[in-house]
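What follows is each chain in one-letter form.
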Amino acid sequence: MPENPLSPTFSPHKEALATLGVPCRYRRGALLIQEGETGDSLYIVLKGRLRTFLAGGQGKELTLAVHGRLECVGEMLLDGGPSPVHVEALESCTCAVIARQVLLDYTAAHPEFALELMGNIIRRARMATESARSVALIDVYGRLVRLLDRMAEPPDALGARCLQEKMTHQQLSQHLACSREMVSRLLKDLETGGYIEVHERRIRLLKNLPARW
């Protein structure tokens, strides 16, 4: 069966396109793109991870997505309009910065790559819609349960599931659009109830989390 060009795993051109860009290094916490600014570059991650997020009042943030190797950000700037999001380096990163004209020339030579970029934009829009729905319609605990279930690995021999990566309470709160104190309180309650255990910031789900708390 041929691969679907809109699938997130389909990216035969990104590595080739990255060689045409300018490699740039970014320290942890550096803002590559700020909400409201305009630009004309596409960023392809070569090393490290980027975070796309929204920022509100009183320091609140909502993480929309985390992008790893050979994922790209900046497509929304290519029409000349302002960016609707911030993009920061979660850790020390290296990205290939692709100028708009280089991207246009590459797409003209490889028109199928336009479908891949379209797929990226569709997935981002779908994720943003899902985030907005969760914040508007689901309480903080419900959002936490969905996030932990989504990030957890398959069950081990004992039926427990570990999160794929270590997460601080602050990082979790940024995914949930709530305060760090709220996350700390919920996780402490779940740990006391025997539903999870936490060791060196690694959360392990010992059994199915209750639907309500």
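Residues numbered from 1 in each chain as written. Predicted model: local features only at pLDDT ≥ 70, side-chain atom pairs only at ≥ 80, totals over all residues. Heavy atoms only, no water.

Q: Sorry if this is basic, but what is going on with helix H4 (residues 140–151) here?
A: One full turn of an α-helix is made of 3.6 residues, so residues set three or four places apart face in the same direction. Compared with the 16 Å implied by 1.5 Å per residue over 12 residues, the 16 Å span of H4 between its first and last C-alpha is a close match. Taking burial as the measure, the 12 residues of H4 include nine buried ones, the bulk of the element. Those residues of H4 that sit buried are Val140, Tyr141, Gly142, Arg143, Leu144, Val145, Leu147, Leu148 and Met151. (Helix = DSSP H or I, 4+ residues; strand = E, 2+ residues; numbered from the N terminus. Expected span 1.5 Å × (residues − 1). Buried < 20%, exposed > 50% of the residue type's maximum accessible area, 1.4 Å probe, protein only.)

Q: Teacher, can you tell me more about the sheet that holds strand E6 (residues 72–73) here?
A: Ordered by their spatial adjacency, four strands build an open sheet running E1-E8-E3-E6, and the pairing between neighbours is antiparallel. Of all strands in the sheet, those with a lone pairing partner are strand E1 (22–26) and E6, marking the two edges. Bridging between strand E3 (residues 41–47) and E6 involves two bridges; their strand directions are antiparallel. If you follow isoleucine 44 over to E6, its bridge partner there is cysteine 72. Each of E3 and strand E8 (93–99) touches helix H2 (residues 100–109); the most contacted strand, E8, lies at about 75° to it. (Pairing = 2+ DSSP bridges. Contact = heavy atoms within 4.5 Å. Axes fitted to C-alpha atoms, helices over the stretch in contact; angles between N-to-C directions.)

Q: In this structure, what is going on with the packing of helix H5 (residues 169–176) against helix H6 (residues 180–192)? I would like to understand it.
A: The relative placement of two packed helices is expressed as an angle between their axes plus a distance between the axes. With their axes 8 Å apart at the nearest point, H5 and H6 run at an angle of 110° to one another. In this view, H5 runs roughly perpendicular relative to H6, as classed from their interaxial angle. Mapping the contact onto sequence places His169, Gln170, Leu172, Ser173 and Leu176 in H5 and Arg180, Val183, Ser184 and Leu187 in H6. (Parallel < 35°, antiparallel > 145°, perpendicular 65-115°, else oblique.)

Q: I'm lost on the pattern of salt bridges in this one. Help?
A: Scanning all chains against the criterion turns up 11 salt bridges. A salt bridge links glutamate 165 to arginine 49, with the nearest nitrogen and oxygen atoms 2.7 Å apart. Of this pair, glutamate 165 sits in the loop between strand E9 (161–162) and H5 while arginine 49 sits in the loop between E3 and strand E4 (50–55), and the two are 116 residues apart along the sequence. Using a relative accessible area of 27% as the deciding quantity, one classes glutamate 165 as partly exposed. (Salt bridge = Lys/Arg side-chain N within 4 Å of Asp/Glu carboxyl O.)

Q: What's the story with the pairing of strand E7 (residues 86–89) in this structure? I'm lost.
A: It is a general feature of regular strands that their side chains alternate between the two faces of the sheet. Going residue by residue along E7, you find His86 and Glu88 tucked away on one face and Val87 and Ala89 tucked away on the opposite face as well. Note: E4 against E7, four bridges, orientation antiparallel. Looking at the pairing, phenylalanine 53 lines up with histidine 86 of E7.

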